[in-house]
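Chains, contacts and geometry: an overview
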Amino acid sequence: MSLFRKSPARTALLLSAALLVLAAWPFAQQAKRPKVLRSTDPGLRLQGFEKHNAMLAESKFKDLKWQFLGPVNISGRITDVAVVAPKGKNYTIYAAAASGGIWKTGNEGTTWTPIFENQVSTTIGDIALAPSNPDIIWAGTGEANIFRSSQAGCGIFKSTDGGQTWTPMGLAATNTIARIVIHPANPDIVYVAASGNEWTTNPERGVYKTADGGKTWEKILFVNDETGAVDLVMDPRSSDTLYAATWQRTRKKWNDPRTEPSHTGSGIHKTTDGGKTWRAVNAGLPEAKHRGRIGIDLCLTKPDTLYALVDNYEISRQPTPAELNDAYGVPSSGFIKGATVYRSDDGGASWAQQSGLTPAQKNLMERHSGTFGWVFGQIRVDPNDENTVYIMGVPFSVSTDGGKTFTSLRVHGADHHALWIDPDNSNYLVLGFDQGLSVSYDKGKSWRFFQDGIPVCQFFNISYDLATPFKVYGSMQDHGSFRAAVDLSRGRDRIPAQRFEGAPGGEGTTHAIDPTDPDIVYSSGFYGTLSRTDLSVPGREGRKTILPRTYPEEPRLRGQWLAPTILSPHNPNIVYHGMQVVFRSLDRGDTFERISPDLTTNNPAEMGDIRYQTLFTISESPLKYGLIYAGTDDGRMWVTRDGGKAWAEITAGLAPGKWMARAAASAFDLGTVYLAQNGKRDDDFTPYLWKSTDFGRTWTDISKGIPVGPVNVVREDPFNRNVLYAGTDMGAYVSLDAGATWTVLGGGLPSTYVHDLVIHPRDNIIVIATHGRGMWALNAETVNGRVIRPPAGR
């Protein structure tokens, strides 16, 4: 696994780059970092959810139903699985999705039903069934993998009727829950490993226990405000004996979580008295400063044998010349040991490294977690064989010799997160991974993949073309870019769900389609790479890379994971593309020119593994060429009225330091612009939504009535100047009075993360891209009053 640590030499290079920019643009100064508001009280989120439901019940659009558009052929990231045993008498499986709720099958996957889709949070970290009564289910919200597309939870929930109904049971401030363990005989005794906030520190992390079915909770293991519990396992011989893994981490906007020299919190702890007392059991493991995320498990039939999968930050070797940059183009400063398996045969008293002891195995394990070992940390021991152990990473691998030799199994996807092994039949495996869920009946030799039944894919965004029927495009976490037609042939209220097909781009892509030729598609890639594809030309011959090149002495270009790319509403041959500067092309991307300075804070101290201090939104006025708004991920907003000759910062009056999520220049009034800001990366769920009528000189808060954020997108209706739309992490909203008041838009939509929204300018159909439940469509005629009459014969 490659480690990307900042070195003094690299810091000096970044400082030099910053000075070059300052010299080139006299007025582009390094801005002082504003004070950033911190995490939101979870009580406000719960109140916001209740208000959302009340607004839906009163909405004039509640009977206007959202229609699931698809994809029906693509699933999404499964974070946990739970299975009712014994198999043969039961065929019930529960699948927890990263941001798509919980799904249940009672017939071994022939059909699936969503059972946790209308809650304050539908991101799931873990689910557990009570061994004494499988109708009792506990669900911990908040994905503990803290990947770029992870969402914050809002506590733990309980069902006593097999998932038909749910009751919130507290721990709302934990934000992420990694593991739930239930007493084998008393379902009222439950232990919870809470890993805490993703982006900020908080004391609501560690191991919690309830002895009264969740009415009250006691924090029984706490290390510090930056260290949470990330795994938990119980000794089957004694329910008072548990092992807990803790992980010290905070994700930064510019760095993935990693160990620091001062870290002391990551490790393994053991209790033999139900959590009253704990002792550290780390003998034989790497030093604390090298211990990243840790997964633990034991053998049910030989519980003194435990395994730990450690994301090991000890330096293994320096990169070869071919390895100086990773798959995302980030410079490497060395390879760490990465996924390392340790074994204890004395109940954790001592540990010995098992994996990576030969050159071939060392190479396998070093690469097993890619460059993101904190995403995985899952290990399972065969309940009937203490020498068979499975580890999850980019591949899914098994060892049958106690962890010394691992072999990667052939499966249907990559990036694995969940595994259930039948305690009565070790041949039966249920595996959850980025692309969905699979079952094996022969210990992993072959798999049954449930591709079509659990539609929980995570779209980042949406674009459209003007073909007939029109197509929508979107990029999808863990999959790539896809498109599908919106079929109106059966009527505007009978839009069928579609199988999506591949489209130009990858999983982090913004699409812009030529309105005069739907075969011409512009697609950004990882961190701002840019291509133009002519779909009428077969193969790769129709694709051209068009990202501008830089001279060696120029600062390295920085682009967001979803770098903004738009076509001018005045001329589709004009392309705008955002990195830390705005680029413009007048010839479809064949040549580009910089039309702005670095518009970010350009602070070398906040440059790391993750591209940050970049542009995230660009909008050109449909009324005037060259009137352009640009917003950054580090909280700066700008406008130019002359095509980039002069830029004015218009950040004053906005929420300090918050991500500029979406700017929308009005098509009805020259000086009007709408802006959504997003506080997710501060664990801030306040709805930030703004309007300016004077080109951004002053801003008016128009968020009143939106019960909870963050807000991901704002759009102006193309037909009715008074109609605005907003997408949040709760759902979709509409204003009929230019933002003075808001109501929930449409009915039948689950609680979901609406990351993007478009209104087709010809067919007047609203389509949303959700991060966890695919795409949905809605007839906009009732909303904006614009009736579209289909062409004759259509």
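Calculation notes
Residue indices follow the written sequence of each chain, beginning from 1 at its first position. Confidence filtering applies because this is a predicted model: local features only for residues at pLDDT of at least 70, side-chain atom pairs given and counted only at 80 or more, and all residues used for totals across whole chains, interfaces and linings. Hydrogen atoms and water are omitted, and side-chain values are computed over all heavy atoms in the structure. Runs of E in the DSSP output that reach at least two residues are strands. Runs of H or I that reach at least four are helices, and both are numbered from the N terminus. Here the globule rule is a power law, 2.2 Å times the number of residues to the power 0.38, and the radius of gyration is based on C-alpha atoms. In this description, contact between two residues means that some pair of their heavy atoms is separated by no more than 4.5 Å. A 1.4 Å probe and the Shrake-Rupley method give the accessible areas. Residues count as covered only by the protein chains that appear here. Only four residue types enter the charge count, namely Lys and Arg as positive and Asp and Glu as negative; His and the chain termini do not. To locate a charge, take atom NZ for lysine, CZ for arginine, CG for aspartate or CD for glutamate. pLDDT: the predictor's confidence for each residue, scored from 0 to 100. Here's how the labels work: a residue is buried when its accessible area is under 20% of the maximum for its type, exposed when over 50%, partly exposed in between, all with a 1.4 Å probe on protein chains only. By definition, two strands form a pair when at least two bridges between them are found by DSSP. Starting at the helix axis, one direction is taken to each C-beta atom, and the arc is that of these directions. Definitions used for this entry: grid spacing 1 Å over protein atoms alone; cavity, a set of points where a 1.4 Å probe fits but cannot get out; pocket, an open set with protein on both sides within 12 Å along at least 5 of 7 lines; lining residue, one with an atom within 4 Å of a point. Grid points are joined across faces, edges and corners, and a volume is the space filled by probe spheres set on the points. Under the convention adopted here, Pro, Cys and the residues Ala, Val, Leu, Ile, Met, Phe, Trp and Tyr are nonpolar, Asp, Glu, Lys and Arg are charged, and Gly plus all remaining residues are polar. Under the pairing criterion, centres of Phe, Tyr and Trp rings, with the six-membered ring standing for Trp, must be within 6.5 Å; the plane angle then separates stacked pairs below 30 degrees from edge-to-face pairs above 60, leaving the rest tilted. Criterion for a charge above a ring: Arg CZ or Lys NZ at most 6 Å from the ring centre, at most 35 degrees from the ring normal.

**Looking at the overall build of the chain**
The secondary structure content of the chain amounts to four helices and 56 strands. Over its C-alpha trace the chain gives a radius of gyration of 26 Å, about what one expects of a compact globule, namely 28 Å for 794 residues. Considered along the principal axes of its C-alpha atoms, the chain spans approximately 75 × 60 × 50 Å. Restricting the contact set of the chain to residue pairs at least 6 apart, pairs at least 24 apart contribute 57%. Counting every atom, the chain has about 28200 Å² of accessible surface; 51% of that belongs to carbon and sulfur. Taking the average place of the 82 positive charges on the side chains of the chain and the average place of its 81 negative ones, the gap between the two points comes to 2 Å.

**Some remarks on the confidence of the model for the chain**
When pLDDT is averaged along the chain, the result is 93; 93% of the residues meet or exceed 70. Scored below 50 in pLDDT, residues 1-31 shows 74 contacts in the model against residues more than four places distant or in partner chains. Confidence over residues 33-37 falls short of pLDDT 50; this stretch has 15 contacts with residues more than four positions distant or in other chains.

**Quick look at the pairing of strand 43 (residues 628-632)**
Where burial is concerned, most of strand 43 is hidden: five out of the five residues are buried. Of the two faces of strand 43, the one carrying I628, A630 and T632 and the one carrying Y629 and G631 are both buried. Direction of pairing for strand 42 (residues 615-620) relative to strand 43: antiparallel, over a ladder of five bridges. Within strand 43, the position partnered with T617 by the bridge is G631. As paired elements, strand 43 and strand 44 (residues 637-640) share four bridges and run antiparallel to each other. Looking at strand 44, one finds that Y629 is bridged to V639. Remark: four residues form the turn of the hairpin made by strand 43 and strand 44, two consecutive strands paired antiparallel; G635 in that turn has positive phi of roughly 90°.

**Quick look at the side chain of S59**
Take S59: it is sitting in the loop between helix 2 (42-58) and strand 1 (67-70). For S59, a relative accessible area of 3% puts it in the buried group. Every residue in contact with S59, bar those within four places of it in the chain, is listed here: T743 and V744.

**Re helix 3 (residues 359-367)**
Listed in full, the buried residues belonging to helix 3 are Q361, M365 and E366. Looking straight down helix 3, one finds its buried side chains confined to an arc of 130°; they lie on one side. Structural note: helix 3 exposes P359 and A360 on the side pointing more than 90 degrees away from its buried face. Here the buried face of helix 3 lies against strand 19 (302-317), strand 20 (335-344) and strand 23 (389-392).

**Some remarks on the layout of surface pockets**
Counted as a void, the second largest pocket has a volume near 1200 Å³. L129, P131, I180, L300 and W420 are, among the 37 residues lining the second largest pocket, the residues nearest its centre. For the lining of the second largest pocket, the secondary structure elements donating two or more residues are strand 2 (78-83), strand 6 (124-130), strand 10 (177-182), strand 14 (227-234), strand 18 (291-299), strand 22 (378-381) and strand 26 (416-421). The biggest single contributor to the lining of the second largest pocket is strand 6, with five residues. A class-by-class count of the residues in the lining of the second largest pocket yields 29 nonpolar, one polar and seven charged.

**Considering the packing of aromatic side chains**
In the structure shown here, the tally under the stated rule is 19 aromatic pairs. An aromatic cluster is present here, built from F147, F372, W374 and F376 joined pairwise through their rings. One Lys or Arg, K219, reaches over the ring of F222 and ends 4.3 Å from the middle of that ring.

**Overview of the sheet that holds strand 45 (residues 648-649)**
Ordered in space as 42-43-44-45, the four strands form an open sheet in which the pairing is antiparallel. Because the sheet does not close on itself, it has two edges, and the strands there are strand 42 and strand 45.

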